[in-house]
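Residue-level structure breakdown
For reference, the chains in residue letters:
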2 protein chains.
Amino acid sequence: MDAAIKSRGDTYADDSAMTISPLAPTTTPEIHPVAGVTLAAGAAGVRYTGRTDVMLARVAPGSSIAGIFTQSSTRSAPVLWCQDALTDGGMAPAGKPLGIVVNSGNSNAFTGRAGEESVAALAATVARVLGTDERAVYQASTGVIGERLPHAKIEAVLDDLAAELSPDAWHGAAAAIMTTDTFPKLASMTAQIDGKTVTISGFTKGSGMIAPDMATMLGFVFTDAAIAPGALQVMLRESAGGSFNAITVDSDTSTSDTVLLAATGQAGNAVIEDAGDARAAGFRAALDDVMRDLAHQIVRDGEGASKFIEVGVTGAETDAAARVIALAIANSPLVKTAFAGEDPNWGRIVMAVGKSGEAADRDKLTIRFGDILVAEQGWVAETYREEDGAAYMKGAELAVTVDVGVGEGRSTVWTCDLTHRYIEINADYRS
Amino acid sequence: MDAAIKSRGDTYADDSAMTISPLAPTTTPEIHPVAGVTLAAGAAGVRYTGRTDVMLARVAPGSSIAGIFTQSSTRSAPVLWCQDALTDGGMAPAGKPLGIVVNSGNSNAFTGRAGEESVAALAATVARVLGTDERAVYQASTGVIGERLPHAKIEAVLDDLAAELSPDAWHGAAAAIMTTDTFPKLASMTAQIDGKTVTISGFTKGSGMIAPDMATMLGFVFTDAAIAPGALQVMLRESAGGSFNAITVDSDTSTSDTVLLAATGQAGNAVIEDAGDARAAGFRAALDDVMRDLAHQIVRDGEGASKFIEVGVTGAETDAAARVIALAIANSPLVKTAFAGEDPNWGRIVMAVGKSGEAADRDKLTIRFGDILVAEQGWVAETYREEDGAAYMKGAELAVTVDVGVGEGRSTVWTCDLTHRYIEINADYRS
């Protein structure tokens with residue numbers, strides 16, 4: 001089949017598609033190199049022209065790796081490959097590096113047997129150029145769904161990329177994996193373990209949770225700390241709960257979502273074998289910060305976003321229930337359009353709480369916009385003035401806090417508003 | 001508080017708000033009177049000016065009644081009143097009628113103790129004007145949330161409405177309960193029970209599932225068949241599964257959704273005591289038709305709708321699983337915007353199936369647009385041509401069928417597309 005689904009990047013109706021999100025960070029972050037990690041980016045022409053679209057990372061021998069993936073039942077061939085590879089234990093083969101190869105422009109999802117062949121071919125070539133085993137090669141693809149990945153185009157640039165690997169190529173790597181993203185997304189922190197300074201640096205892409213055909217969420221985070229694979233997996237999963245798994249743009253889940261965390265051990269700390277080890281507390285706080293920063297950047301680049309919105313829920317039966325309620329608010333089209341319209345429509349918040357299916361005491365419900373008490377005890381607050389709510393809504397960074405009055409459960413998620421631009425990006429083109 | 005949330009009807013940016021949906025029925029349905037049912041509509045000025053906003057129905061002594069309601073935990077005062085009243089057994093008091101009073105413009109939701117006072121006051125006045133008991137008065141309110149219902153305005157017109165009750169006032173009643181609806185929604189059928197002709201007539205409102213502040217779904221269906229309350233409740237609930245509970249505009253659930261079904265028994269059939277009674281089969285088929293017709297009209301008036309979309313799922317583990325998958329497709333913003341863009345983007349269907357959380361065999365997935373085979377066995381169909389899909393998408397009535405390849409479960413739901421007009425209606429005004 002020929003180009004069953006066109007790239008949106010090819011068919012934007014106007015140049016504004018390339019306008020950087022108004023919510024983008026205003027400064028370019030400084031990214032600290034991570035000992036044992038080298039990167040390179042290149043242009044393979046998978047779909048795009050005039051830009052890079054392949055990223056190769058080499059992670060030194062002795063490293064551990066962890067991963068989390070989409071829960072989709074129609075997940076892509078590279079996701080299935082990575083999940084299988086992780087069953088080997090999450091360590092680089094003895095004396096050999098780990099490889100990570102990522103392409104944009106084609107997600108290699110819903111491609112049947114051909115997708116598996118492409119993954120196997122890429123693993124073989126990356127293993128050759130990096131001098132490692134095929135199952136030590138992790139992969140991710142993002143872009144159009146349902147078209148065969150032209151893996152030979154990627155293979156054709158891998159020798160060059162292997163020769164160009166550099167400890168400083170973070171921004172280039174982050175740019176190569178972008179699809180509808182309007183800016184590259186990077187973050188970097190340091191922490192201490194056993195008096196040793198350890199670094200965490202990473203990058204991500206995505207402009208929705210969303211979308212099989214362009215806006216998959218991918219994240220790659222690296223550290224020079226020494227952490228055993230089992231502990232690393234626990235740290236990644238728990239950190240994701242407050243970052244990549246706590247954001248939503250439009251409630252749609254990609255077939256390709258992937259976050260990998262690799263640890264080279266070159267910082268020289270004694271290996272952390274248990275995620276609960278007190279020596280790792282500072283590291284874990286820094287990891288949380290990096291992951292949350294990256295996740296927030298995705299929301300800030302949400303398709304059509306004009307507002308960055310934090311939704312906090314307290315007083316639920318459990319933390320899980322609080323999360324369900326927070327997501328019901330964050331995913332409600334009526335709530336999201338109200339924010340787009342700068343309308344302090346707290347009635348829609350009440351509606352979303354009610355539809356969540358979780359316990360809430362209507363007559364104890366408290367709603368705040370920022371510090372403004374909007375509703376309490378089942379009705380609008382006596383002190384609330386509509387003009388205060390309206391003025392608050394004009395900001396670009398908004399917080400909604402809801403206490404549902406039945407318990408101690410709490411959760412925070414982040415989302416953006418639903419604007420005309422979202423419709424333009426997702427409807428106003430023809431394939 | 002003064003007008004915390006403005007009526008959207010007051011603040012549309014342009015006259016196109018009043019344009020009738022392009023998906024509206026092109027003919028006005030003939031509504032058969034139902035023996036024992038009389039109706040009246042009036043203008044109480046609850047919020048709107050220059051239109052009717054109150055509907056009163058009198059349902060003759062000897063009638064039974066059944067109801068289904070929103071599952072919201074923040075449901076409105078009238079919903080709680082009706083649910084409580086039904087616990088009396090669903091029969092009119094001996095020798096006295098049932099009353100139904102409905103207003104538009106204010107939903108009496110999230111109004112605390114004041115909401116309960118309004119409901120009690122209305123029940124007392126309707127009981128007086130109809131000569132019945134307060135708990136025989138059923139109520140529904142739709143409109144702005146969080147503002148005290150000015151029930152005295154409604155009470156002030158009830159004597160006149162009681163004097164004007166007519167067996168033919170169906171269209172007037174349907175118009176009085178509209179909020180953002182662009183056309184009144186009515187349906188009528190006849191059937192046979194025991195050789196007696198029985199009539200089913202009803203009306204509904206809603207232009208989303210959605211929204212506490214304007215677009216609640218209300219439905220009122222009447223028949224002259226003789227059906228015991230328990231059987232009537234079962235029939236209503238089961239019929240709703242394929243009608244009012246099988247539609248979605250934007251996944252948001254109102255605090256006020258209410259569907260009532262009343263049966264006067266004046267057709268003269270021997271009372272149906274059991275919903276499974278074979279004598280009721282024809283009646284139930286007609287009830288299904290009326291309910292589905294009304295539900296479809298709500299989708300056809302979905303906010304901003306330009307396409308009416310049937311989503312059928314087969315091959316799921318259970319019917320319930322099929323319904324979850326169908327709703328995942330029907331509620332996906334990316335699927336809905338693709339339809340708005342007339343884009344045959346089957347990749348987004350694959351994504352939605354995958355995110356549903358229900359079992360699906362990626363490698364047996366079959367997708368059809370109408371009769372066009374789009375994908376099978378985990379990849380695009382060899383016979384599929386993109387131009388066929390694109391041509392199909394230009395229609396206003398579309399069907400997507402998905403077989404997920406794991407079982408015998410099936411479900412059908414109906415939805416509409418997600419357009420700029422939805423954003424305009426829900427964001428492009430200021431309160």
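Here is what the cut-offs are and how they apply
- Residue numbers here run from 1 along each chain, matching the order of that chain's written sequence.
- Labels follow written order: the first chain is A, the first ligand is 1, and so on.
- Side-chain atom pairs in this predicted model are given and counted only at pLDDT of 80 or more, local residue features only at pLDDT of at least 70, and totals for whole chains, interfaces and linings cover all residues.
- Boundaries between domains were set according to an automatic or database domain assignment.
- Two residues qualify as a contact pair if the distance between their C-beta atoms, derived from the backbone, is within 7 Å.
- Only Asp, Glu, Lys and Arg are considered charged in this grouping, and only Ala, Val, Leu, Ile, Met, Phe, Trp, Tyr, Cys and Pro are considered nonpolar; every other residue, Gly among them, is considered polar.
- Take the buried Ala, Val, Leu, Ile, Met, Phe, Trp, Tyr and Cys residues, join any whose C-beta atoms are within 7 Å, and the set you get is a nonpolar core.
- The exposure label follows from counting other C-beta atoms within 10 Å of a residue's C-beta, where the C-beta atoms are placed from the backbone and the thresholds are 20 or more for buried and 12 or fewer for exposed, leaving partly exposed in between.
- A strand pair is defined by DSSP finding two or more bridges across the two strands.
- Only DSSP runs of H or I reaching four residues or more are called helices, and only runs of E reaching two or more are called strands; each is numbered from the N terminus.
- The axes used here are C-alpha line fits, helices contributing only the stretch in contact, and every angle between their N-to-C directions lies in the interval 0 to 180 degrees.
- What a helix is expected to span follows from its residue count: subtract one and scale by 1.5 Å.

Attention shifts here to the domain arrangement of chain A. Residue and element names in this part refer to chain A. For chain A, the assigned domains are domain 1 (15-300) and domain 2 (308-427). For domain 1 and domain 2, the distance between their C-alpha centres works out to 32 Å. Contact residues are listed per partner, giving eleven residues for domain 1 and eleven residues for domain 2. Tallied by class, the residues present in the side of domain 1 that touches domain 2 amount to six nonpolar, four polar and one charged.

For the rest of this paragraph, the subject is the nonpolar core. Burial of nonpolar side chains together is a common tendency in soluble globular proteins. Counting 278 residues, the largest nonpolar core has Ile329 of chain A together with Ile329 and Val353 of chain B as the members making the most contacts within it. Discounting residues that sit within four places of it in the chain, Ile329 of chain A has contacts with Val311, Val335, Ile349, Ala352, Val353, Val400 and Val402 of chain A.

Next up on the list: the sheet that holds strand β6 (residues 185-193) of chain B. Residue and element names in this part refer to chain B. Taken in spatial order, the five strands of this open sheet run β3-β9-β8-β7-β6, and their pairing is mixed. Both edges of this open sheet fall to β3 (64-69) and β6, since each of them pairs with a single strand only. Averaged over all neighbouring strand pairs, the angle between strand axes comes to 15 degrees, with direction disregarded. Sheet analysis places strand β8 (residues 218-223) next to strand β9 (residues 258-263), joined by six bridges and oriented parallel. Each bridged residue has a counterpart across the sheet, and for Gly219 the counterpart in β9 is Val259. Strands β3 and β9 of the sheet are contacted by helix α2 (residues 77-86), whose axis makes an angle of about 135 degrees with β3. Where helix α6 (residues 229-241) meets the sheet, its contacts fall on β3 and β9, and the angle it forms with β3 comes to roughly 35 degrees.

This part covers helix α3 (residues 112-130) of chain B. An α-helical turn contains 3.6 residues, so a residue and the one three or four places further along point in the same direction. Residues and elements named next belong to chain B. The end-to-end C-alpha separation of α3 is 28 Å, in line with the 27 Å expected for 19 residues at 1.5 Å each. Along α3, the residues classified as buried are Gly115, Ser118, Val119, Leu122, Ala123, Thr125, Val126, Val129 and Leu130. Turning to α3, the residues buried within the fold contact β2 (54-59), α2, β4 (98-106), β5 (137-144) and α4 (151-164). Just past α3, the residue Gly131 takes up positive phi, approximately 70 degrees.

Here the focus is the environment of Ala427 of chain B. Within the secondary structure, Ala427 of chain B is located in helix α12 (residues 420-427). Placed 101 residues apart in sequence, Ala427 of chain B and Ala326 of chain B show a C-alpha to C-alpha distance of 27 Å. Not counting the four nearest positions on each side in its chain, Ala427 of chain B is found in contact with Thr337, Ala338, Ala340 and Gly341 of chain A.

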